[in-house]
Amino acid sequence: MKLGRITGKVWATAKDPKLNSLTLYVMQPVDEHDKLLGTELIAVDTVGSREGDLVYWVGGAEATFPFHDRQIPSDATIVGLVDRLDTQPDGTA
Amino acid sequence: MILCKVVGSIVATIKHDSYDNQKILLVRPVTPEGDLKSGTIVAVDTVGAGEGNIVLVASEGRAAMEILGFSARQPLRSVIVGIVDCIDCERSGG
């Protein structure tokens, strides 16, 4: 899994029906110092996050299993809302 | 698996249930010599690792499923599976 910062939202009426009623966010992968880590992704939200939130997300095949009863066509799924992050100040890790 | 160093931890109350009662750490890949690389990973700890430890991290869903004893596939892939005591290896890169 990786950290991500939610930077925007995406609406798409015409999409795979399995994605209906799911929120799609623009998410910027970040490191433990909130520095950019690669390009933005469109991630499916499953924990009720909002724009600006620091979240963690899962990619690959595991991204399709957030719900017990069905799989969704996603390769980036937000699975946790970060309340608190503890790390060394930048440059001393 | 890859070699990583524990660089921090996170607390998340609102999360997918497969992460319930799990300790979640932040790790960064390292070279065998211990130099940090970029690409911070969020990993579930199963061996009691602490800040600064060099650890083994497995990042695959079925491995996580096996280690954490899930009966169905879960949206969880990175798990800390060991704490490294010592590395004996020729300098990487020749």
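What counts, and where the lines are drawn
Think of each chain on its own: its residues are numbered from 1, step by step along the sequence as written. Ligands are numbered from 1 and chains lettered from A, in the order in which they are written. Only residues with pLDDT of 70 or above have their local features reported here, since the model is predicted, and side-chain atom pairs are shown and tallied only from 80 upward, although totals for entire chains, interfaces and linings are computed over all residues. Side-chain calculation: all heavy atoms of the structure are included, whereas hydrogens and water are not. Strands are runs of DSSP state E lasting at least two residues, helices are runs of H or I lasting at least four, and both sets are numbered from the N terminus onward. When accessible area is computed with a 1.4 Å probe and restricted to protein chains, residues below 20% of their type maximum are described as buried, those above 50% as exposed, and intermediate ones as partly exposed. Residues count as neighbours in contact if any of their non-hydrogen atoms are within 4.5 Å of one another. The salt bridge criterion pairs a side-chain nitrogen of Lys or Arg with a carboxyl oxygen of Asp or Glu, the two atoms within 4 Å. Distance and chemistry together define a polar contact, namely a pair of N or O atoms within 3.5 Å, with one atom able to donate a hydrogen and the other to accept it when in protein, and with adjacent residues in sequence counting only for side-chain atoms on both sides. Any two strands are treated as partners once DSSP identifies two or more bridges connecting them.

Chemist: Help me understand the environment of Glu40(A) in this model?
Modeler: Residues and elements named next belong to chain A. Checked against the element boundaries, Glu40 lands in the loop between strand E2 (24-30) and strand E3 (41-45). Since its relative accessible area comes to 49%, Glu40 is described here as partly exposed. C-alpha separation for the pair Glu40 and Thr7, spaced 33 residues apart in sequence, amounts to 8.7 Å. Not counting chain neighbours up to four residues away, the residues in contact with Glu40 comprise Val26, Met27, Gln28 and Pro29.

Chemist: How should the interface of chain B and chain A be read in this particular structure?
Modeler: Taken together, the 33 residues of chain B in the interface contact 27 residues of chain A. Our count for the contact surface shared by chain B and chain A stands at three salt bridges. Counting across the chain B and chain A interface gives 18 residue pairs in polar contact (both at pLDDT 80 or more). At the level of secondary structure, the elements contributing two or more residues to the side of chain B that touches chain A comprise strand E1 (2-11), strand E2 (23-29), strand E3 (41-45) and helix H1 (61-68) of chain B.

Chemist: Would you mind going over the pairing of strand E5 (residues 76-81) of chain A with me for this structure?
Modeler: For a regular strand, side chains alternate in direction, first toward one face of the sheet and then toward the other. All names here are of chain A. Among the six residues in E5, six count as buried, and that is most of the element. Across two bridges, the pairing between E3 and E5 is parallel. Bridged to Asp45 within E5 is Ile78. Note that strand E4 (residues 54-59) and E5 share five bridges and pair antiparallel. Each bridged residue has a counterpart across the sheet, and for Val58 the counterpart in E5 is Thr77.

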